[in-house]
Every structure is written in C-alpha cells, then in structure tokens.
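Chain by chain, the residues run as shown.
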Amino acid sequence: MSPAAAVRVSGSGIEARFRLAWSGFALDAALQLPGRGVSALFGHSGSGKTTLLRCLAGLERATDGYLAVRGEVWQDDVRGVYVPTHRRPLGYVFQEASLFPHLSVRRNLEFGLKRVAAAERRVSLDHAIALLGIEPLLERMPERLSGGERQRVAIARALATSPRLLLMDEPLAALDAQRKAEILPYLERLHGELDIPVVYVSHAPEEVARLADHVVLLRDGRVLASGAIDEVMPRLDLPFAHDEEAFVVVDAQVAGRDERFALTRLEFAGLPLWITGLDAPLGAQVRARVLARDVSLALAERHDSSILNVLPARVVSLDDASPGRTLVRLDVAGRALLARITTRSAVQMGIAPGMDLFAQVKGVALLR
Amino acid sequence: MTNAADFAAIRLTLELAAVTTAILLVVGTPVAWWLARTRSRMKGVIGAVVALPLVLPPSVIGFYLLVTMGPQGPVGQLTQALGLGVLPFTFAGLVVGSVFYSLPFVVQPLQQAFEAIGERPLEVAATLRAGALDTFFTVVLPLACPGFVTAAVLGFAHTVGEFGVVLMIGGNIPEKTRVVSVQIYDHVEALEYAQAHWLSAGMVAFSFLVLLLLYSRKRGGVR
C-alpha cells in the first residue's frame, strides 16, 4: 500500500489513541498534537513516553488503537487499518544513534533515502547533510564517529526520508553535556527550517523548554496534561510548577536596545522585559525562561531596588509548594508567570486570588 | 601410495560436504532465524530437536533414516511414489543423512549470530522504509556474515568427518557412497596401513587447518 492509498480523514494534526497492557505497565493514552512544531512527551522513566512514541511509529502494536497523522490514518483497529512501520512516512531517532555498523555514513544516509519514491522526496540529501553539518563525516564508518556525530548522522538519516512526522526518543540522553550543547542548535534549526512536526521524548525540563511548542505530560501510562508549553508549565496542579527549578517559558520579540548598558528590550505581553547578554536583531523571536524563585512580589511599584524588570500582575491562584513556601501563579497582561515566595510573606502581604500587585523579575535567562 | 579409489573417495567426500553445506545454509537460515526471534513455546522443543544430532550416536540417526527412507518407511513410500526409488545406498540418501547429522553445526552459529544482532537494527531499518525481506538481505545478512562463515565451515568440516551415518544408510559403494572415512575403515580392515595413514593424516591436517582458520579469525575480531 503506497501512502497515497492510505485511508484519509480530515485534520492537519496528529490524533492518537492507544491502549496497551503488559505485566506491570499499562498505557492508556489519548492525545491530539499540533501538525507543526515540536511536541514534547514529558515524564519520568516508566511513565510510558517511549512506549507511546513506539506506538506512533508502529514499533509497538497497541490494541484498540487509532492514529491519524495530518489526515492520513496509520492505525484504526475498529476498521482493521494498520500501516506497518516501513510503510509509514516517518523518521525515528533512537536514544542511541543505531547507525548500521556495516555501512559508511554516506550509505547510512542513503539507506532510507533510496527507499523513498522520487516523487515523495522533499528534503534533499544535501539539505539534510548541511542542516546537521556532517559533510566531513560522509566517508567514515560509524565506529569512527563520536557519540554526538553519530546522533547527528542518525537525525540526518531520518530527515533524508522526507518524513511527514519525525519521532525522537531522547536523542540527547546518551550524550554528555558538551555533546548535548553541540546538537541542540541543530535541533533548533530543524524546527526553524523544516515544516515537519516533531514528537520529542524527554525527561529533561531544560530540553523541553528549549525545543518544545507543545507539551504532553505523562504519568503511569496516562496523559496528565497536554497543551501549549506556556499554558502547561505554569499550571499549579501539575508537577512542573512544583519543581525546585520551576520556570515559565517566555516567547518574546526583540524590541529595542540600550547600548550604553548593553541591555536588550524584549516585548512580552506588550510590556518591556530587559535582558543582558543578548545579541539579536530587532524583531527577532527569542525564547527565555523565568524561574519561579527569581520572581518576587511587591504591593507597590518600587523604584528603589536594583531589580530592572517590574511588571504589573494579577494573582490567579496560590498553592503550597513545600513547607514554608508558596507558589503564586500570576497573570501579566494575559501571560502566565510563576512566583515562589515564603508562606510568611504571602500571609503578611495578604496575597489572594484577584489581587493586583507587581512582579519583580530578578533574572531572565535566554533559551534560544 | 594412494590409488584411484582413494581419490574417488576424496572427491565424493568433498562433493557430499559441499552439497550438504549448501542445503543446510538454505534450510538452516530460516530455522535459525525463527529460533532467534520467536517467543513461541515451541522454541525449546525445536531447539532441542535441532541439537539432537550433537548427542545421539550416528548409528541411531542412521538407523531411523534407514527405516523411514527404506521401501517400507513413509519417506521411502513417498520417494517411490514420486518415481525416485529409495534413498538408502544412494548419494542423495547420504546428503539427506548428512543434512540431519550436521544440522546443529549450521543452525546454532546462525542462531547466535542472529541473536547478537538484536532487535534494534531491524527497527531502524523499518523506520527507514525497509520491509522484512529487504531488511534481511541488506541488514541482517551483512551483520551476520561472520556467523554464516562459521556455520558453513563447521557444517562442511563436520560432514567431511561423518562416518557412522554413512555406514548405516550409505554402505560402501565405490564412487557412490564410499567417502574418505569409510575408505579409511576399509584400508584398516584390509591391513593397508600405509594408505589408511595417508588418508587419516590428510583428514587431521584438513580439520586442523579449518579450525585454525576459524579460531584465528575469531580472535582477530570481526569488523
């Protein structure tokens, strides 16, 4: 069955429903993902994120499953539709690079490419090679590559099949911090340059914050939450907000620069947000993060402190973070911020939902 | 020293070993693949059946083959119905016997090679659009290549060294079923020790060389 003969439905996103029961583990997940950008499947080990990814690829056969990708049905057990993995136009990057050891880098890249009909090719081999910066490696054998190089080749190999869906299973997990830093910019480039939806499994909030547009939080084989990253991460009912390093993601535009103090002004929810150490042109889209512990609250707008970014905010909700500490979710002109303050401060200031106050942001860290 | 009969025996032995090895590679590959990949409960049973020739006396294998392939046996009835006559005391009969006798020597190295490849390369191939057969020829075969060499060498060498089964189902027909091991036996029976020595030493040298090649190759590491 060629992809053209596949059953079609309406919809531009990814719709999936899988049920699977093994001894000691059960997956029961239903989710809808956008048909573009990076969706992160996030959760602890054993939460079912890799299993879910494998179900999307058809490497694991879920019972009672349904999967439609951008209008093409890949699995519908009610109607007896099941497209085997090798007939699904997908790319899959495994945790360890899994290059074929008997083939050179070039022949690894060509393995998938030459099995794709010419009419279906939209990513050229040269483009994939250039995107991942692997030109100098082409004639080498996989055993002579570093871990980071192998993973870049594996990603290029997946891209060279012109996938309509790119699945990545913790592609950075097996690498040290330096190698991770080496690959992340390439992943961001994919995101910027190719119109291929990516489903990315990760248990590292850092990676999710840097790459994801959409987050699916999994626990015990179930979907705990699914939504845009700036909606899901500030939710006080989810574990993200309760992490020691809890943060919110801020997508903003470069709006101005103060050359004298080497500060860049971002526009966030129509408000200025000053950041140091950013060298980007006006109008550039950047992503930063604000840690909950870097946000303090004041009842009045103060100009006698060293804190540069003071934003008017309204309290949305409160939650006890840990003994003595309180998490406050704020609304800043429609965008969410988290503040973690001492419970004593919260009580003394009389902080309650609906209250207007000022959020003092001590630090804004650039993510990309 | 040596005579035409000895050379005929050597030729017949090599022929038998070559045909047997070829058949075993073709038949043994799917069996080994199945054994390496299956989660079926039959795995233990089939694995044990494949290994039986390792422990059974060749005379037992020969005896049952003789019975089943003989004029009254089920296989014999079938071959007769097909107009092939009966297999015992023919070259074809020897091939059948050798296939059973050398089966584990081919299937087991292949099975180990397939198991060593693991699941991952197959999954990778599937995500790169390769179907099962495509994957077998472009990924499994190259990766299992050392296993195939081991299987072929062991299958060949073991068939060359066969004696009991041949004697049971092949007898001692010059140029048809008289292989080297039987020829040596004949020489000894006839007290022709010089000729027995010549052939026996040849067998020792051959077997040693084969094993030497195999083991030094393994120690050198397979790339």
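Please read all numbers here as calculations on a predicted model, not as lab measurements. (Residues numbered from 1 in each chain as written. Chains lettered and ligands numbered in written order. Predicted model: local features only at pLDDT ≥ 70, side-chain atom pairs only at ≥ 80, totals over all residues.)

Moving on, we come to the overall build of chain A. Counting secondary structure elements, chain A contains eight helices and 21 strands. Whereas a compact globule of 368 residues would reach a radius of gyration of roughly 21 Å, chain A reaches 23 Å, a difference of no more than 12%. Summarising its shape, the C-alpha atoms of chain A cover approximately 65 × 50 × 35 Å along the three principal directions. Relative to its 368 residues, chain A shows a buried fraction of 41%. The contacts of chain A with a sequence gap of at least 6 include a subset with a gap of at least 24, amounting to 68%. (Helix = DSSP H or I, 4+ residues; strand = E, 2+ residues; numbered from the N terminus. Rg over C-alpha atoms; globule rule 2.2 N^0.38 Å. Buried ≥ 20, exposed ≤ 12 C-beta atoms within 10 Å, placed from the backbone. Contact = placed C-beta atoms within 7 Å.)

Scanning chain B from terminus to terminus reveals 11 helices and zero strands. Sequence-ordered secondary structure for chain B, helices as α and strands as β, is α-α-α-α-α-α-α-α-α-α-α. Oriented by its inertia axes, the alpha-carbon framework of chain B measures out at about 65 × 45 × 30 Å. Out of the 223 residues in chain B, the part that is buried amounts to 35%.

Another aspect to go through is the interface of chain B and chain A. Opposite the 13 residues of chain B that make contact, chain A presents 17 residues. For the side of chain B that touches chain A, the secondary structure elements donating two or more residues are α6 (120–127) and α7 (132–143) of chain B. In terms of residues, the side of chain B that touches chain A owes the most to one element, α6 of chain B, which gives six residues. Across the side of chain B that touches chain A, the residue classes tally to eight nonpolar, two polar and three charged. (Nonpolar A, V, L, I, M, F, W, Y, C, P; charged D, E, K, R; others polar.)

Take the domain arrangement of chain A next. The assigned domain composition of chain A is domain 1 (3–232) and domain 2 (247–366). Taking only C-alpha atoms, the centre of domain 1 of chain A and the centre of domain 2 of chain A are 34 Å apart. (Domains from an automatic or database assignment.)

Here we take up helix α2 (residues 105–113) of chain A. Those residues of α2 of chain A that sit buried are V105, N108, L109, F111, G112 and L113 of chain A. At its buried positions, α2 of chain A is contacted by α3 (125–132) and α4 (147–159) of chain A.

Right, let's talk about the environment of V166 of chain B for a bit. Residue and element names in this part refer to chain B. Mapped onto the elements of the fold, V166 is located in helix α9 (residues 164–169). Its 27 C-beta neighbours within 10 Å are what place V166 among the buried residues. Between the alpha carbons of V166 and P104 there is a distance of 18 Å; along the sequence they are 62 residues apart. The contacts of V166, once residues within four sequence positions are left out, are L94, G97, T177, V179, S181 and V182.

Let us now look at the sheet that holds strand β15 (residues 285–291) of chain A. Residue and element names in this part refer to chain A. With antiparallel pairing, the five strands of this open sheet are ordered in space as β14-β13-β12-β15-β21. Of all strands in the sheet, those with a lone pairing partner are β14 (271–276) and β21 (365–366), marking the two edges. Alignment of strand β13 (residues 263–268) against β14, held across six bridges, turns out to be antiparallel. By the bridge assignment for β14, R265 is matched with W274. (Pairing = 2+ DSSP bridges.)

Moving on, we come to the nonpolar core. All names here are of chain A. By size, the foremost hydrophobic cluster in this structure holds 151 residues, and its most contacted members are A40, A156, L167, V215, V290 and L337. Mapping this core onto the domain boundaries places at least three of its residues in each of domain 1 (3–232) and domain 2 (247–366). In contact with V215, other than residues within four places in its own chain, are A40, F42, V208, G227, I229, V232 and M233. (Core = buried A, V, L, I, M, F, W, Y, C linked by C-beta atoms within 7 Å.)

Next up on the list: the confidence of the model for chain B. Do not read the predicted coordinates in detail wherever pLDDT is low. Residue and element names in this part refer to chain B. Per-residue confidence for chain B gives a mean pLDDT of 90, with 96% of residues at or over 70. Ranking the elements of chain B by mean pLDDT puts α9 last, at 87, and α6 first, at 96. Here the prediction assigns the complex a pTM of 0.86, and the interface score ipTM is 0.86. (pLDDT = per-residue confidence, 0-100.)

Two quantities define a packed helix pair, namely the angle between the helix axes and the distance between the axes. Residues and elements named next belong to chain A. Remark: α4 packs on helix α5 (residues 177–193), axes separated minimally by 9 Å, with the N-to-C direction vectors making an angle of 20°. As summarised for this structure, α4 and α5 are arranged roughly parallel, according to the angle between their axes. The handedness of the crossing between α4 and α5 is right-handed. Between α4 and α5, the residues in contact are G147, G148, Q151 and R152 and R179, E182, I183 and Y186, respectively. Residues that form the contact of α4 with α5 fall into these classes: two nonpolar, three polar and three charged. (Axes fitted to C-alpha atoms, helices over the stretch in contact; angles between N-to-C directions. Parallel < 35°, antiparallel > 145°, perpendicular 65-115°, else oblique. Left-handed = near helix turned anticlockwise from the far one by under 90°.)

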